[in-house]
Each structure stands twice: as C-alpha cells, then as structure tokens.
Amino acid sequence: MTFLHLVGNEVTKMLRKRRFQVVLIILFAMMAVFAYGEKQASLALAHQIGTSNWQAQLQQQISHSENRLHSPFISNAEKAVMQATIKEGQFELAHNINPSAPGAVSFMKSFMDQGITLLIPMLVIVIASDMVSSEMSGGTIKMLLTRGVARWKVLASKLGALFLLIAMLIGAIAVSGYAVSGVFFGYQGWRLPVLMGFQTTSTGYVNLSHVYTVPQWEYLLMSYGLGFFVSLCIGSLSFMVSTLVRSTASGMGIMMAALIGGTLLSVLATNWAIAKYLPVVNLQLSGYLNGSPPPIAGMTFPFSLAVLTVWSVAALAVSFIVFIRQDVMG
C-alpha cells in the first residue's frame, strides 16, 4: 500500500465522518453572521455620527480612543494597543487611506487578522482532535496495522491527511468569506492600499519612518499564508494530544482549554515574560504585518515563528515516538 494511497484513505475516512462538513457549515453560517453584523455596525456608526464619510468616522474613533486612554480601568497593554491604533489612524487620515473601505476583500483581511488567535484554531482542533484517538479507542487501528504497514507510515499518512484538510479549511475560509461578504459589501477591493511597516513597541511607541503600502491582494497572500502556518502548528499540537489521549472529547477539551488559556494570558499576564515561550501566545503573526504591539515585551516576528516551529516539531516527534512504541494490539 503506497503512502499516497494511505493519505487518500485517511482523507476519505475523515470526510465520511462528516466532521469536516460540519465545520464548513459552521464556517459558512458564521461568515454570514459576521458580515451582516459588520454591515449593521457600519450603518449604526454612520447614523450616530450623522455621515457615512470615512474620514469623519475614523476621526470619531480616534477621539474616542484618546478619551479612553485617561480611564483608570484600562491596563498598560490595552493602552499600548490604543496608542498604536491612534497613531496608525492619524497616519491613514494624513495620507487619505481608508482602513475600512467596504468590500469583500477587506472583510477577508479583517476576518483572518481577527480570527487567527481563537476562532480558526478552534476549527482546526475540531478537525484534528480525533485523527488518532478515535481509531485507538474504537480498535480500528488494528486492522490497518495487521496488513503489514509500518507504524510510522500509518501515522505519517494521518498527518498528511490532516495537513491537506487544514489547507482545504483555509481555502474554504477565503472562498466563503469572499462569496458571503460580497453580498453585503460588494466584490471590489483587491487593489486597495494596505499600510505596512509600522514598528510598535509594547509601550505603545509607533515608528512611522518605515511605513509603506501594498495592494490588498498582496497583503491577503501574506496574511493567509501566515494563517495556514499557524493552523499547521495548532494541528500538530492537536495531533500529538490525539496520539496521547484515547478519548476524543478529552483531547479536544485539553486543546480548547490551552487555546483559551493562552488567549487570556496574552491579555492578563503581559508582564509574565515566560509566557512568550508558549505557542498559544504567539499565534497573532499577522499582527506583525500591520504593526500591532506584541502581547509581551521582547516578542518579534522571527521569535514567534521560531517558538511555533519548535513546539510543532517537538509535538510531532512525541507523536511518532509514542505511536511507534505504544501497545495498540492489546
């Protein structure tokens, strides 16, 4: 049995479970809800300010953020984000660049930028959580191993199938985001300018000397490429847990708890330097593209890439070592 045949067999099994189809249905429904909500929010803002002029709306948002900076209930990390947002907004006003120009492409960009820290990893976890555990608990793994297929090849085929499904998920996010949001915002926006090159520190200082623009289609390629990389990392960690824990529900619960915990750490434990070495704190790679301040001081784009890569490689190594050595025939 060839490796490609094994991978195809694993993909077919996953599709028959309908888990992937359910994820796609949920994704499509959420796209519709988010697009509708964003449309209503823009209409409400225009009604509140009394104009649909984007410069006036952006100036109102800047003024609101400047007022909130004086609140004693805002953490230093939140103030840093606000200060960076204010500087970027002022730069956009000065250079006549609309950061929220309506269009399906703009929605695709914002969805990936916002969803990569929690929503998209959750969908990946749902897909990856039972790649191994379901067959271990059900005993169906024995049927494949008794055919004389090497254990490493069996696990590698499952990993290859998982990576293919993740690629299909990222593609589905792009296609559904464009198709659904275009109904509300139109299908334009591929060549709109997107600002890059903001250099923001954890204290909120923004260096504008290296700012430049790229067409939105180019930014999308970078953003979705980073989203795919992050999804592969989350998939690798979920794959390891699926190998270690025979219960799919337990594996999914462990990964969901770790993901939510990492999200809270990014907000509540900004002074805990050790937290920056955790993978879930480094998921917001697209933040480095648009100049968002890092969650924890000292984090950089190469650092986050290195952390995610090391954790992913270690997780896959543990998966193969455990799967090859453990007793699955008993």
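Residues numbered from 1 in each chain as written. Predicted model: local features only at pLDDT ≥ 70, side-chain atom pairs only at ≥ 80, totals over all residues. Heavy atoms only, no water.

Trainee: Where do I start with the side chain of Asn282 in this structure?
Mentor: Among the structural elements, Asn282 can be located in the loop between helix H11 (248-268) and helix H12 (287-290). Asn282 gets classed as buried once you look at its relative accessible area, which sits at 1%. A distance of 2.7 Å separates a polar side-chain atom of Asn282 from the backbone oxygen of Leu278. A polar contact of 2.8 Å, which involves the side chain of Asn282, links it to the side chain of Ser304. (Helix = DSSP H or I, 4+ residues; strand = E, 2+ residues; numbered from the N terminus. Buried < 20%, exposed > 50% of the residue type's maximum accessible area, 1.4 Å probe, protein only. Polar contact = N/O pair within 3.5 Å; in protein donor to acceptor, adjacent residues only side chain to side chain.)

Trainee: Hey, could you run me through the packing of helix H10 (residues 216-244) against H11 in this one?
Mentor: Between two packed helices, what matters for the description is the angle formed by their axes and the separation of those axes. At a minimum axis distance of 9 Å, the contact between H10 and H11 shows a crossing angle of 140°. Comparing the axis directions of H10 and H11 gives the class oblique. In terms of crossing hand, the pair formed by H10 and H11 is right-handed. Between H10 and H11, the residues in contact are Ile234, Leu237, Ser238 and Val241 and Gly251, Ile254 and Met255, respectively. Here the residues of the contact of H10 with H11 are counted per class, giving five nonpolar, two polar and no charged. (Axes fitted to C-alpha atoms, helices over the stretch in contact; angles between N-to-C directions. Parallel < 35°, antiparallel > 145°, perpendicular 65-115°, else oblique. Left-handed = near helix turned anticlockwise from the far one by under 90°. Contact = heavy atoms within 4.5 Å. Nonpolar A, V, L, I, M, F, W, Y, C, P; charged D, E, K, R; others polar.)

Trainee: Explain the nonpolar core here, please?
Mentor: Counting residues in hydrophobic clusters, the biggest one holds 72 residues, and the most contacted among them are Leu27, Phe111, Ile127, Leu169, Ile173, Tyr224 and Phe239. Here the element with the most residues in this core is helix H9 (residues 151-185); it accounts for 14 residues. Not counting chain neighbours up to four residues away, the residues in contact with Phe111 comprise Leu27, Met31, Phe34, Leu119, Ile120 and Ile173. Judged by nonpolar contacts, the second largest core, of five residues, contains Phe91, Ile97, Phe198 and Val211. (Core = buried A, V, L, I, M, F, W, Y, C linked by side-chain atoms within 4.5 Å.)

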